[in-house]
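# Commentary on secondary and tertiary structure
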Amino acid sequence: MKLGIVLEGGASRTIFSCGILDALLEQNIMADYVIGTSAGISYGVSYCSGQMGRNLTITEKYMADKRYMGVKHLLDPKNKSYYNLDFVFGEIPQKLVPFDVKAFTEYKGSCIAVLTDIESGKAEYMELPRDDCNFMGLRASCALPILFRPIEIEGRKYMDGGLTDSIPFEKAIADGCDKVIVILTRPRGYVKKQEKTGPLIKAMYRKYPKLVENFENRPQVYNRSVKRLSELEKEGKSFVIAPPDTHNIHRTERRPEILVPYYKEGAAYGRKIMPQILEYLKATS
């Protein structure tokens, strides 16, 4: 059996997924393949390194820190992103809440970030290098339009993978996963609608028409993907975990008093449904 875990993005809302992942680690459930978009994979690397509770510690100690996110970082010509990239992907994992590079290097599975090439408008699936101390793949996968500048890797410019493949379960299946656990950041029944920022994005990224087209088509693509995922779940080919309620948590929420309980809710929910997860993993295809 090849077990894959698929992680939807959702910025701050993804802390619920962290609780689910830690519940899996409590049961020593380590996937052979982890793929995710945006914050999904950014948090997911701590699962691959087996660092239970690491994402919670970051949330408790640093999410509300002025060094983490804010408009001033977006206006900083050296940063040009709402998140302070060198703090989030540099100082925190390297010094403040160390990322276990050795454990990540020893992880025998695949860890893949979804990126969007802003010129071609196509999704790219990057196997995260185990020695990339700057986490360029994670920066690129998280690069939301307006809130981030494009991230350049080897001469190509990338932005948020959610623009092209928000829930990359089909990639996991194509890569040979016969058991797939999909962790969403929206409740069941959620229907994505066109965002009001469309005209601004069209103006800001007019040099990248494929990127604008992806943004405009995103609701239809996302909703079709959710429908297909539901079909696979009914066929027993996937196990879908979705938060019962997001409590109207915004993607840039930073207050620990809001996010920590949501993490705990995710962990408790993961423990609650663990018997079903174990049953799914034991069942033959």
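Residues numbered from 1 in each chain as written. Predicted model: local features only at pLDDT ≥ 70, side-chain atom pairs only at ≥ 80, totals over all residues. Heavy atoms only, no water.

## A closer look at the packing of aromatic side chains
We count it as follows: Between rings of Phe, Tyr and Trp, where Trp is taken as its six-membered ring, a pair exists when centres lie within 6.5 Å; planes separated by under 30 degrees are stacked, by over 60 edge-to-face, and by other angles tilted. Only DSSP runs of H or I with at least four residues qualify as helices, and only runs of E with at least two residues qualify as strands; both kinds are numbered from the N terminus onward. Exposure categories follow from relative accessible area, calculated using a 1.4 Å probe and restricted to protein chains: below 20% of the type maximum is buried, above 50% is exposed, and the middle band is partly exposed. Charge over a ring is defined by NZ of Lys or CZ of Arg lying within 6 Å of the ring centre and within 35 degrees of the ring normal.
Taken as a whole and judged by the stated rule, the model has 11 aromatic pairs. Measuring from ring centre to ring centre gives 6.1 Å for Tyr 62 and Phe 87, while their planes differ by 75°; the resulting arrangement is edge-to-face. Of the two residues, Tyr 62 sits in helix α3 (residues 54-62) while Phe 87 sits in helix α5 (residues 85-96), which places them 25 residues apart along the sequence. The pair Tyr 62 / Phe 87 is uniform in exposure class, with both members buried. Here Tyr 68 and Phe 87 contribute two aromatic rings whose centre-to-centre distance is 6.4 Å and whose plane-to-plane angle is 85°, an arrangement assigned as edge-to-face. Taken together, the residues Tyr 68 in the loop between α3 and α4 (71-75) and Phe 87 in helix α5 connect sequence positions 19 residues apart. Exposure remark for Tyr 68: the relative accessible area of 7% places this residue in the buried category. What links up through ring pairs into an aromatic cluster is the set Tyr 62, Tyr 68, Tyr 82, Tyr 83, Phe 87 and Phe 148. Stacked on the ring of Tyr 190, the Lys or Arg Arg 186 has its end atom at 4.4 Å from the ring centre.

## Remarks on the pattern of salt bridges
For clarity, the threshold we go by: By definition, a salt bridge exists where a carboxyl oxygen of Asp or Glu is found within 4 Å of a side-chain nitrogen of Lys or Arg.
The final tally for this structure, using the stated rule, is 15 salt bridges. Measuring nitrogen to oxygen at the nearest pair gives 3.8 Å for the salt bridge that ties Arg 67 to Glu 91. With Arg 67 in the loop between α3 and α4 and Glu 91 in helix α5, the pair connects residues that are 24 residues apart, well separated along the chain. A residue is classified by how much of its surface remains accessible, and Arg 67, at 38% relative accessible area, is partly exposed. For Arg 156, the salt bridge is made with Glu 119, and the minimal N-O distance between the two is 3.4 Å. On the criterion of sequence distance, the pair formed by Arg 156 in strand β6 (residues 156-160) and Glu 119 in the loop between β3 (110-117) and β4 (123-127) is long-range, its members being 37 residues apart. Exposure remark for Glu 119: the relative accessible area of 46% places this residue in the partly exposed category. Via salt bridges that share partners, Asp 65, Arg 67 and Glu 91 belong to a single interconnected network.

## A short note on unusual backbone geometry
The backbone of Ala 11 shows a phi angle near 50°, a positive value even though the residue is not glycine. Mapped onto the elements of the fold, Ala 11 is located in the loop between β1 (3-7) and α1 (15-26). The phi angle at Ser 38 is positive, at roughly 55°, despite the residue not being glycine. On the secondary structure map, Ser 38 appears in the loop between β2 (33-37) and α2 (39-48). The buried category is assigned to Ser 38, whose relative accessible area is 7%.

## Overview of helix α10 (residues 209-234)
Every α-helical turn comprises 3.6 residues, leaving residues that sit three or four positions apart pointing alike. What counts, and what does not: Multiplying one less than the number of residues by 1.5 Å gives the expected span of a helix. Fitting axes to the seven residues that end at a residue and to the seven that start at it, the angle between those axes gives the bend at that residue. We call two residues in contact when some of their heavy atoms are within 4.5 Å.
End to end, α10 covers 37 Å across 26 residues, agreeing with the expected 38 Å (1.5 Å per residue, within 8%). The principal kink in α10, of about 55°, is found at Asn 217, preceding the proline Pro 219 by one to four residues. Looking at α10, one finds that the buried residues are Leu 211, Val 212, Asn 214, Phe 215, Arg 218, Pro 219, Tyr 222, Ser 225, Leu 229 and Leu 232. Looking at the packing, one finds that the buried side of α10 touches β3, β6, α8 (169-174), β7 (179-183), α9 (198-204) and β8 (239-241). Backbone geometry just after α10 places Gly 236 at a positive phi near 80°.

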